[in-house]
Amino acid sequence: MINLLMGEFKRTWIQFLRYPAEVIGGVIIITSVFYGLFISAQYMAGPAIAFGDRLDAIVVGYVLWTLVIFIVNDVATNLQLEAQTGTLEQVFLSPFGASRVFLARAIASLGLRLTLILTILLIIMGITGSRIQFPLALVLPLVTLLLAAYGLAFVMGACALIFKRVQQVLGIFQFALLFLLAAPTEDWRGPARAFANGLPMIPSTGLLRDLMARGAGLDWGQMGVAIANGLLYFALGMVVFGWAERQAKRRGTLGGY
Amino acid sequence: MNRPVPDPDIALEAHQLCKAYGRGRRRFVAVREVSLTIRAGQVLAFLGPNGAGKTTTIKMIGGLIRPDRGWVKLAGLDPHRQPMALRQVGAVLEGNRNLYWRLTPPENLEYFGALRQVPRRLARQRGQVLLEQFGLLEKQRTPVQKLSRGMQQKLAIAVALVHQPKLLLLDEPTLGLDVEASETVKALVRDIAASGCAILLTTHQLAVAEALSDRVAIIRQGQIVAEQPTQALIQQFSDSAYQIRFAGLLSDGQRDAIAALGATVTENRIRYAGSPTSLYTLLSLLKPLPLLEVSQHRADLTDVFLQLVRQPSPPEPSTPTPKPDD
Ligand SMILES: Nc1ncnc2c1ncn2[C@@H]1O[C@H](COP(=O)(O)OP(=O)(O)O)[C@@H](O)[C@H]1O
Ligand SMILES: [Mg+2]
């Protein structure tokens with residue numbers, strides 16, 4: 001499995017670097033967005049995602065939001081790309097099984113993206129003299145957030161396997177995610193709260209907001225809920241994806257017939 | 001189904017594979033009870049007209065399409081139940097690139113090695129050996145995108161071998177290649193088989209199939225209509241009759257005598273299926289007409305294929321149509 005992960009890192013990295021025009025384009029976009037964030041931080045009345053109005057919160061919130069979108073789309077996008085380029089069936093010929101290969105890929109591309117974002121952030125902080133703090137307590141809710149996000153990614157991947165064209169679904173889903181992530185569900189009480197705890201990623205984003213914007217300590221009870229939520233959605237994603245794979249094999253549509 | 005000890009020599013065993021696509025009215029039976037066995041080092045040419053079910057069968061063998069009924073064993077393991085079975089199979093699939101366009105040949109080999117559970121260093125070593133064997137060493141630094149079609153196809157085959165499978169599936173490996181590239185692929189297939197790998201090959205180029213294969217299976221409308229050692233099959237369709245061409249006109253007496261020997265006369269040709277010695281009797285009957293040609297008919301795979309494929313359509317099987325088994 002480590003071997004596969006290394007292989008995926010290397011492949012992702014090489015494919016990324018081999019076409020410098022794309023790399024430069026991507027770097028310019030990310031850099032200008034961050035630069036804009038830093039410049040306008042003091043004027044902003046609060047970002048869409050409402051992580052708070054401190055620079056740290058805005059930047060971390062923005063990074064998280066783009067990462068979640070990126071992760072959720074990743075498996076489906078990758079599947080469609082491979083179907084177009086004619087390598088998808090080779091992936092399904094792997095003795096690892098498709099879920100593991102796509103998970104390794106998703107991790108590799110997240111790693112690449114994170115590296116890129118962090119590098120740019122560091123450079124900008126060097127230029128502007130701004131500093132952002134990243135409290136270590138964030139790591140746990142972050143992990144549960146990513147788990148749930150990967151679960152959703154596999155659900156989208158399953159859609160791509162069954163329906164082939166999922167661009168519109170992905171777009172709509174992005175909006176749903178925006179509302180989901182921005183809703184201040186940690187203030188909800190009673191059944192509404194219980195409902196929110198069952199939605200993907202919500203317990204984790206609530207915790208992140210508490211930690212970042214409100215300076216609260218980590219609520220371990222809520223952390224337990226977030227862990228359960230992350231594991232549940234991850235498992236759901238795997239199950240749905242496995243089902244979609246079996247369906248595609250039954251219909252003979254893996255290669256994009 | 002659970003045989004005690006799998007014969008290590010058998011790389012592939014497919015048993016009565018059935019596959020239907022679609023449901024209800026649009027239901028279409030693509031493969032009916034296809035069974036195939038290939039031993040280590042053997043090349044089986046799997047031939048049939050377009051839409052006969054070759055690709056479907058190959059994908060069922062590779063675990064990419066689930067059969068409605070029947071089973072597959074790759075070196076004793078079922079690819080639909082035991083993922084480890086996939087370590088025994090490499091495939092170059094029809095109409096696919098099968099490679100990463102932006103990666104160079106060694107990078108493709110290394111990546112596919114990782115995908116098939118070969119340790120990195122070993123994959124790299126084997127990659128070098130394969131590149132050398134396939135004559136791709138000078139193109140080490142060129143992304144696959146910029147290679148010629150023939151080189152891409154050679155590389156796709158090399159990549160399918162990086163985990164040293166016992167069975168190689170080649171679906172139309174020479175499609176779209178020029179004559180020279182086809183010849184190289186042919187030579188490679190021969191080498192690969194000589195090294196002990198079993199090969200299942202589909203192709204429309206019957207000369208390629210005839211030159212390469214130990215056995216031939218011909219599929220038509222989802223059913224195997226012939227499966228035999230290549231030479232035996234050709235022999236069976238070569239009726240060893242003599243054909244004699246002559247000039248001039250036969251007298252009625254000559255005609256009757258020739259007919260009495262069991263030969264058939266059409267204009268200036270005689271077809272005779274008798275023994276080589278009695279051929280002389282026939283030839284002496286033709287005196288003094290000038291002989292233009294005496295030859296013995298020998299079929300090639302194309303004749304065999306056309307005859308089998310053009311036969312009237314086989315009756316629909318009376319067995320109930322297959323249902324998915326779970
Ligand atoms: N996924 C699929 N869904 C429906 N029909 C299919 C599918 N794949 C193949 N077919 C049909 O099954 C038949 C056999 O196809 P195939 O196995 O590709 O034949 P061959 O490779 O011998 O040309 C064809 O008529 C084809 O149209
Ligand atoms: Mg085909």
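Residues numbered from 1 in each chain as written. Chains lettered and ligands numbered in written order. Predicted model: local features only at pLDDT ≥ 70, side-chain atom pairs only at ≥ 80, totals over all residues. Heavy atoms only, no water.

Per an unreviewed UniProt entry, the recorded name for chain B is ABC transporter ATP-binding protein, and the organism is Vasconcelosia minhoensis LEGE 07310.

Labelled according to an unreviewed UniProt entry, chain A appears under the name ABC transporter permease, originating from Vasconcelosia minhoensis LEGE 07310.

K.L.:
Could you clarify how one ought to interpret the UniProt feature "transmembrane region" (unreviewed entry) in chain A in this entry?
P.N.:
Residue and element names in this part refer to chain A. Within this numbering scheme, the UniProt entry marks residues 21-45, 57-81, 102-127, 139-162, 169-185 and 220-244 as carrying the feature "transmembrane region" (unreviewed entry). What you have in residues 102-127 is 100% helix and 0% strand, and the ends, taken at the C-alpha atoms, are 37 Å apart. A helix fraction of 82% and a strand fraction of 0% characterise residues 169-185, whose end C-alpha atoms lie 25 Å from each other. (UniProt positions renumbered as here; feature names shortened; annotations may be inferred. Helix = DSSP H or I, 4+ residues; strand = E, 2+ residues; numbered from the N terminus.)

K.L.:
Would you take a moment to explain the site of ligand 1 for this structure?
P.N.:
Near ligand 1 lie 14 residues; those nearest to it are G51, G53, K54, T55 and T56 of chain B. Neighbouring residues of ligand 1 are not confined to a single chain but are spread across chains A and B. In the environment of ligand 1, a nitrogen atom lies 3.0 Å from a nitrogen or oxygen atom belonging to the backbone of G252 of chain A. Compared with its free state, where it exposes 560 Å², ligand 1 has 76% of that area covered by protein. (Near = heavy atom within 4 Å. Polar contact = N/O pair within 3.5 Å; in protein donor to acceptor, adjacent residues only side chain to side chain. Areas by Shrake-Rupley, 256 points an atom, 1.4 Å probe, with all protein chains shown as cover.)

K.L.:
Would you take a moment to explain the coordination of the magnesium ion (ligand 2) for this structure?
P.N.:
Around a metal, the perfect tetrahedron of four donors has angles of 109.5 degrees, and the perfect octahedron of six donors has angles of 90 or 180 degrees. All names here are of chain B. Donor atoms from the polypeptide that bind the magnesium ion (ligand 2) are T55 (OG1) and E94 (OE), placed at 2.0 to 2.5 Å. Of this pair, T55 sits in helix α1 (residues 54-61) while E94 sits in the loop between β5 (89-92) and α2 (105-115), and the two are 39 residues apart along the sequence. By relative accessible area, which is 24% here, T55 ends up partly exposed. (Donors = N, O, S within 2.8 Å, 3.2 Å for Na, K, Ca; no water. Buried < 20%, exposed > 50% of the residue type's maximum accessible area, 1.4 Å probe, protein only.)

K.L.:
What am I meant to see in the environment of D9 of chain B here?
P.N.:
All names here are of chain B. Within the secondary structure, D9 sits in the segment before β1 (10-21). C-alpha separation for the pair D9 and T277, spaced 268 residues apart in sequence, amounts to 45 Å. Only 3.1 Å separates the side chain of D9 from the side chain of R39, close enough to count as a polar contact.

K.L.:
Explanation requested: the nonpolar core in the structure shown.
P.N.:
A general tendency of soluble globular proteins is for nonpolar side chains to be buried together. In terms of nonpolar packing, the biggest core is built from 150 residues, with F34 and F102 of chain A together with I61, L155, L167, L200 and I218 of chain B touching the most fellow members. For this core, the element with the most residues is helix α3 (residues 55-85) of chain A, which contributes 13 residues. Beyond its immediate chain neighbours, meaning those up to four positions away, F34 of chain A contacts V59, Y62, V63, I117, I120, L121 and I124 of chain A. Counting residues in each nonpolar core, the second largest holds 13 residues, with I270, Y272, L283 and L289 of chain B among its members. (Core = buried A, V, L, I, M, F, W, Y, C linked by side-chain atoms within 4.5 Å. Contact = heavy atoms within 4.5 Å.)

K.L.:
Just to check I follow, could you spell out the pattern of salt bridges for this structure?
P.N.:
Any two side chains of opposite charge can pair, given that their charged atoms come close. The final tally for this structure, using the stated rule, is 16 salt bridges over all chains. For the salt bridge of R245 of chain B with E293 of chain B, the shortest nitrogen-to-oxygen distance reads 3.2 Å. Here E293 of chain B lies in strand β13 (residues 291-296) and R245 of chain B lies in strand β10 (residues 242-246), a separation of 48 residues in the sequence. For E293 of chain B, a relative accessible area of 31% puts it in the partly exposed group. Salt bridges linked by common partners bring E8, R11, E82 and R105 of chain A together as one network. (Salt bridge = Lys/Arg side-chain N within 4 Å of Asp/Glu carboxyl O.)

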